Structures are given as C-alpha cells and as structure tokens.
Amino acid sequence: MATKVTRDRLFFAFEPKLDPAVSVRQGEAVLLETHDCFEGQIQKPQDLVDKLDWNHVNPATGPVYIEGAKPGDVLRVDLLEVKVGQQASMVTIPGEGALGDVITRMETAILKVEGDHILFKDRIRIPKKPMIGVIGVAPESGSVPNGTPGPHGGNLDCTLMCEGNSAYFTVGVEGALFGAGDFHAAMGDGEIVVCGAEISGELHFKAQVVDLKGLPTPFVETPEVVATIYSAPTIDEASNGVIHHMAQFLTDFAKIPLNDAGMLMSLVGQLKFCQVVDPLKTVRFEFPKWVLAEYGFKMR
Ligand code: CA
Ligand code: ZN
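To keep things clear, this report deals only with the structure shown in the data block.

Criteria and thresholds
Residues numbered from 1 in each chain as written. Chains lettered and ligands numbered in written order. Predicted model: local features only at pLDDT ≥ 70, side-chain atom pairs only at ≥ 80, totals over all residues. Heavy atoms only, no water. Donors = N, O, S within 2.8 Å, 3.2 Å for Na, K, Ca; no water. Tetrahedral: all angles 85-135°; square planar, octahedral: opposite > 155°, others 65-115°. Buried < 20%, exposed > 50% of the residue type's maximum accessible area, 1.4 Å probe, protein only. Pairing = 2+ DSSP bridges. Helix = DSSP H or I, 4+ residues; strand = E, 2+ residues; numbered from the N terminus. Core = buried A, V, L, I, M, F, W, Y, C linked by side-chain atoms within 4.5 Å. Contact = heavy atoms within 4.5 Å.

1. Quick word on the coordination of the zinc ion (ligand 2)
Inference 1: Protein coordination of the zinc ion (ligand 2) is provided by Asp182 (OD), His184 (NE2), Glu198 (OE) and Glu198 (OE), with donor distances spanning 1.8 to 2.5 Å.
Inference 2: Each of the 4 donor atoms bound to the zinc ion (ligand 2) contributes to angles spanning 55 to 145°, and the resulting shape is irregular.
Inference 3: Binding-site remark: the zinc ion (ligand 2) is held by donors from one chain whose sequence spacing is D-x1-H-x13-E.
Inference 4: For the pair the zinc ion (ligand 2) and the calcium ion (ligand 1), the metal-to-metal distance amounts to 3.4 Å, and Asp182 bridges them. Residues Asp182 and His184 agree in their burial class; the two are buried.

In structure tokens, the structure reads:
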C-alpha cells in the first residue's frame, strides 16, 4: 500500500517553509492525488477564465518530505504511474500565450477522455499521453509560484515528465519537499495557448537520493534518452543554458571528452521546446542513452 496524499493537501508556491503533507522513507511508494491547474473551477464550456479565482490556479499536491534528503543531494523521482481523470479542459485567454496578440475571444473547451484518447470538439480523437506540468522540490531560499519554472523544477511543462520516466532534482532544503500537479491528458511541445488538456490525476512515485551530486538539474531520464531542462527569460538564454548543462553532464559524468561531446550533441542530440508561454521559457536537450553506453556510462 502506497502512502497517499489527497488532493486537498495543496500548495501554490515552492518554498522552504512549506509544511510537509507527509514524511516518507526513501524508496517508499507514494500516491499523490492532484487537482487540475484550475483546481476544478472549470467544468463546462460556460466556465470562462474571467470567472476564475486566480488564487486557486496551479495547485500542487504535497509537499512530501523525503527522509534523509539533504541540501545539495540529487533526488531521483521514479514516475511509476501517471493517471488522469475523465474530463480535461482547455481555455483561450486574449493577450496570453504565444497567440495572445491575435486571439480576441475567450473560450473554454471540455475534452472528454475516452479510453486511450481525448475528444476535441466532439470530432478529433487525440491520443491520450498523460504528463505532469508542475513537478519539483523547494528551492533553498525564496518562494517560487507554481506557475513559474526554474532550477528547482516547478512549471516545467515538459512532456517527458510522464509514466515510466525518472525526474532528477537538486535538493534545496532538508527533506526536499517534493510536490506535483497540473497534469495534462495531452500537450504539444510549446504549450501554445498556455494550457494542455488540463486534468486532475494521480501520480505513483518513489523518490530516493542517488550518487550523482553535481548533476545539472532539472534532469529527466526515459528508457531511450536523458535530457537536461533549463528555464530562462528568453528562448536564446534557455537554449544556451540547456546545451551547456548537457555538455557538462556528458563531460563530468559520462567522461566524454568535450570535443566528442559537442560533436555527438551535434549529431544525435535534440534541442526541443517544453513551453514558450510561462514567465520563463523552458527547453530541453535530449541525448540518447545508447551513446552513453558506448562510453561505458549508465545512469544506474
Ligand atoms: Ca503548466
Ligand atoms: Zn497545465
């Protein structure tokens, strides 16, 4: 039986002073129930964003205190299962998002989940691919609203934060104070109108400190690739940061000579957008694990 944290244990900013919802041992199975990013305020097409209470947007569930996690440690969070509810919502907000300059009409769309698909406007069947928008740990100081991404994680809106993958964060405070929320039943890279298929959900995870101190985080591992994730005010700065983080990982951890690392990043690396619409833009750099294996490096 996993330790369960219900979705009423929510918080709206990652910060050191958060009160833990629960304290767990490393490797203990935990189940987090999550609200959608509107905390359930949008249920039907008539629920437009001008009625929203913005103090209840982007809740995360937790935080979960991981026993023994100390500042500077690297925490690996295995995303064992990511489930979503039965109905997702999307909105357009004039002035917001990558099309905010041309979108003039507020609209809410409700997307029903039907098995492995979600239904857009009753006719377009879109494959369901649940992912976690907000995921992270408390920073060592300050307070970061859940709508903002950063070195601690937060609103990364990275489609690799999904079932079967592992997320890595650098612990900022004792116990790490891990939390997650803002699940999407599907989302495209970029998150153009500032939302995916916003939906409630459940995350089953196990977290443990791993021997990877200095890993450039946030970092994510899938069965096929590893990826660095970086957020900055502009895409240019974010791209520059994420590329240097990957080069640092390849040289410091996989012990690949810098010139080889650069050439291989140029050959088989993939620079991709996570989101271009939040207060900071987030990008990722993916690198195949099979190449790491050629250099004798494994993540675990
Ligand atoms: Ca988000
Ligand atoms: Zn979202």
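2. Observations regarding the pairing of strand β19 (residues 201-210)
Within a regular strand, side chains alternate between the sheet's two faces.
Inference 1: One ladder, built from 5 bridges, connects strand β5 (residues 30-34) with β19; its direction is antiparallel. When the sheet's bridge partners are listed, Glu33 is paired in β19 with Glu202.
Inference 2: When strand β7 (residues 74-84) meets β19, the two strands line up antiparallel, connected through 10 bridges. Bridged to Arg76 within β19 is Gln208.

3. Section: the nonpolar core
Inference 1: Membership of the largest hydrophobic core comes to 43 residues, with the highest contact counts inside it found for Ile135, Met161, Phe178 and Leu203.
Inference 2: It is β7 that provides the largest number of residues to this core, a total of 5 residues.
Inference 3: In contact with Met161, other than residues within four places in its own chain, are Leu79, Met131, Ile132, Ile135, Leu156, Ala167, Phe169, Val220 and Ile229.
Inference 4: Membership of the second largest hydrophobic core comes to 27 residues, among which are Val74, Ala232, Phe287 and Leu292.

4. Looking at the coordination of the calcium ion (ligand 1)
Inference 1: Around the calcium ion (ligand 1), the protein contributes the donor atoms Asn155 (OD1), Asp157 (OD), Asp157 (OD) and Asp182 (OD), which lie 2.2 to 2.5 Å from the metal centre.
Inference 2: Counting along the primary sequence, the residues that act as donors to the calcium ion (ligand 1) give the motif N-x1-D-x24-D.
Inference 3: Residue classification places Asn155 among the buried positions, given a relative accessible area of 4%.

5. Looking at the pairing of strand β17 (residues 178-184)
Inference 1: The buried fraction of β17 is high, at 7 of 7 residues.
Inference 2: By the bridge criterion, 3 bridges tie strand β6 (residues 60-66) to β17 in an arrangement that is antiparallel. Each bridged residue has a counterpart across the sheet, and for Ala60 the counterpart in β17 is Gly181.
Inference 3: Sheet topology note: the strand β12 (residues 131-137)/β17 ladder contains 6 bridges and is antiparallel. Within the sheet, the bridge partner assigned to Gly136 lies in β17 and is Gly179.
Inference 4: Pairing of β17 with strand β18 (residues 198-199) involves 2 bridges; the strand directions are antiparallel. Bridging across to β18, Phe183 finds its partner in Ile199.

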